[in-house]
Amino acid sequence: MTAGAEHLRTRSDGGRAAEYPPPPEPLAVPVYDNHTHLEIADGTLPLTAHEHLERAASVGVAGAVQVGTDVATSRWSAEIAAREPRLLAAVALHPNEAPELDARGELDAAIAVIDGLAAQPRVRAVGETGLDFYRTGDDGRDAQFRSFEAHIDIAKRHGIALQIHDRDAHDEVVSTLRRVGAPETTIFHCFSGGEDLARLAGDAGWYCSFAGNVTFKNAENLREALRVVPRDRILVETDAPYLTPVPLRGRPNAPYLVPHTVRFLAEVLGADLDELCARVAANTERAYGSWADGLEAGSA
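Structure report, in brief.

About the cut-offs
- Residues numbered from 1 in each chain as written.
- Predicted model: local features only at pLDDT ≥ 70, side-chain atom pairs only at ≥ 80, totals over all residues.
- Heavy atoms only, no water.
- 1 Å grid on protein atoms, 1.4 Å probe; cavity = no way out; pocket = protein on both sides within 12 Å on 5 of 7 lines; lining within 4 Å.
- Points joined across faces, edges and corners; volume = space filled by probe spheres on them.
- Axes fitted to C-alpha atoms, helices over the stretch in contact; angles between N-to-C directions.
- Helix = DSSP H or I, 4+ residues; strand = E, 2+ residues; numbered from the N terminus.
- Parallel < 35°, antiparallel > 145°, perpendicular 65-115°, else oblique.
- Left-handed = near helix turned anticlockwise from the far one by under 90°.
- Contact = heavy atoms within 4.5 Å.
- Nonpolar A, V, L, I, M, F, W, Y, C, P; charged D, E, K, R; others polar.
- Buried < 20%, exposed > 50% of the residue type's maximum accessible area, 1.4 Å probe, protein only.
- Core = buried A, V, L, I, M, F, W, Y, C linked by side-chain atoms within 4.5 Å.
- Pairing = 2+ DSSP bridges.
- Arc of directions from axis to C-beta.
- Phe/Tyr/Trp six-rings, centres within 6.5 Å; stacked < 30°, edge-to-face > 60°.

The subject of this paragraph is empty space enclosed by the protein. In the structure shown here, the tally under the stated rule is one cavity of 30 Å³ or more. In this model, the largest cavity occupies a volume close to 40 Å³. Forming the boundary of the largest cavity are Tyr20, Thr36, His37, Leu38, Ile40, His52, Ala240, Pro241 and Asn253.

In structure tokens:
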């Protein structure tokens, strides 16, 4: 599958029979969506990657990190980022992929593909990788650990960021990072811990990236965590097409909806919106580098 194909798949949960929401009020100071999945079609009228990015630019979302979860989507992410100035790429095998690949004897070969993709100039992160004990039982954990440690090594050798998927595995993720040594730039994608993990991450210099679920009524633990994360370690994401923020739950998510989450973060923190946007944008550029570098010749 090449970058010319607009979608590789539909949502794993079948998608939403709903239209995309209207655009929010634009941000005065642009930010980035540091974790999105534009390869997934969603909604009654799925948007192309170009349409997603045009809508995002119109509301002050300057760019995004397009994230792979297996070999096919990682290749797609690297290819489209190579020619699209508003996208950088992250490449990896999702932790839930690792046991299935291992059972087929394909895990090492898939990790080698990710290693090769990580050398490309527009690939700025290894992710999403990590541990997920919600969907994987005890019999699949060894493969997850082996894959996670291999991805950590890839990120360190290539000098790029690590984007962590951490579900029901906080202690094991942290102990693995401490045991093998975390990359210089380590990011907890869709931060799902509480205040204790946020303090630990802040002390270690790791980033915490907040998605639309921070706006959910039952997510007070995420808001408590947000309040203790150092401001220079806060990132924002959509994880689109998932985790659409309040008040739009039940409709497809997309990078152009980042302003809803950023405004909510500013409200929780009692921060000036423009100042927070400037800080988050600077954090994102520090984590991933410049969106202007490494484009293929002739890219717009």
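Now for the packing of helix H9 (residues 258-269) against helix H10 (residues 273-288). At a minimum axis separation of 10 Å, H9 and H10 run at an interaxial angle of 115°. Classed by the angle they form, the pair H9 and H10 counts as roughly perpendicular. Crossing geometry of H9 relative to H10 is assigned as right-handed. Together, Val262, Arg263, Leu265, Ala266 and Leu269 of H9 and Leu273, Leu276 and Cys277 of H10 make up the contact between the two elements. Split by residue class, the contact of H9 with H10 holds seven nonpolar, no polar and one charged.

Bringing unusual backbone geometry into the picture now. Trans is the prevailing form of peptide bonds, just as negative phi is the prevailing case for residues other than glycine. Here the amide bond leading from Ala240 into Pro241 is cis, since omega sits at 15°, within 30 degrees of zero. The omega torsion across Val246 and Pro247 is 10°, close enough to zero to call that bond cis. With respect to the helices and strands, the residue Pro247 is situated in the loop between strand S10 (234-236) and H9. Not every positive phi belongs to a glycine, and Cys190 is a case in point at roughly 45°. On the secondary structure map, Cys190 appears in the loop between strand S8 (186-188) and helix H7 (195-204). Cys190 gets classed as buried once you look at its relative accessible area, which sits at 12%. Of note, Asp239 is a non-glycine position whose phi angle comes to about 55°, a positive value. Here Asp239 shows up in the loop between S10 and H9.

Moving on, we get to the nonpolar core. Across soluble globular proteins, nonpolar side chains have a tendency to be buried as a group. By size, the foremost hydrophobic cluster in this structure holds 76 residues, and its most contacted members are Leu177, Phe191 and Phe210. No other element matches the seven residues that H9 contributes to this core. Listed in part, the 14 residues of the second largest apolar core include Tyr32, Ala125, Tyr207 and Ala281.

A few words now on the sheet that holds S10. Pairing is parallel in the open sheet, where eight strands are placed in the order S2-S4-S5-S6-S7-S8-S9-S10. At either end of the open sheet lies a strand with only one pairing partner, and these are strand S2 (31-36) and S10. On average, each strand axis in the sheet is tilted by 30° relative to the strand beside it, whichever way the strands run. Strand direction decides the pairing type here: strand S4 (residues 61-67) and strand S5 (residues 87-91), joined by four bridges, are parallel. Residue Ala64 lies in a different strand from S5, and its bridge partner there is Leu87. The sheet contacts of helix H6 (residues 170-180) involve strand S6 (123-132), strand S7 (161-167) and S8, and relative to S7 the element is tilted by about 150°.

On to helix H8 (residues 220-228). Where H8 is concerned, the buried positions are Leu222, Arg223, Ala225 and Leu226. Along H8, the residues classed as buried sweep out an arc of 160° about the axis, all on the same side. Close packing links the buried residues of H8 with H7, strand S9 (207-210), S10 and H9.

So, about the packing of aromatic side chains. Per the counting criterion, the structure on display carries seven aromatic pairs. With a centroid separation of 6.5 Å and an interplanar angle of 45°, the aromatic rings of Tyr20 and Tyr256 are classed as tilted. Placement of the pair is Tyr20 in the loop between strand S1 (9-10) and S2 and Tyr256 in the loop between S10 and H9, with a sequence separation of 236 residues. By the burial criterion, Tyr20 is buried, and Tyr256 matches it. Aromatic side chains Phe188 and Trp206 sit 5.9 Å apart centroid to centroid with 35° between the ring planes, which places their arrangement in the tilted category. Highlighted residues: Phe188 in strand S8 and Trp206 in the loop between H7 and S9, separated in sequence by 18 residues. The burial state of Phe188 is the same as that of Trp206; both residues are buried.

It is worth spelling out helix H1 (residues 49-58) at this point. What H1 keeps buried is the set Ala49, His52, Leu53 and Ala56. All buried residues of H1 fall inside an arc of 90° around its axis, so they share one side. Among the structural elements, S4, helix H2 (71-83) and S5 are those in contact with the buried residues of H1.

Approximately 960 Å³ is the volume found for the largest pocket. His94, Arg135, His165, Arg167 and Asp239 are the residues nearest the centre of the largest pocket, which is lined by 33 residues in total. It is S7 that contributes the most residues to the lining of the largest pocket, three residues altogether. Looking at the lining of the largest pocket residue by residue, the class counts come to eight nonpolar, 13 polar and 12 charged.

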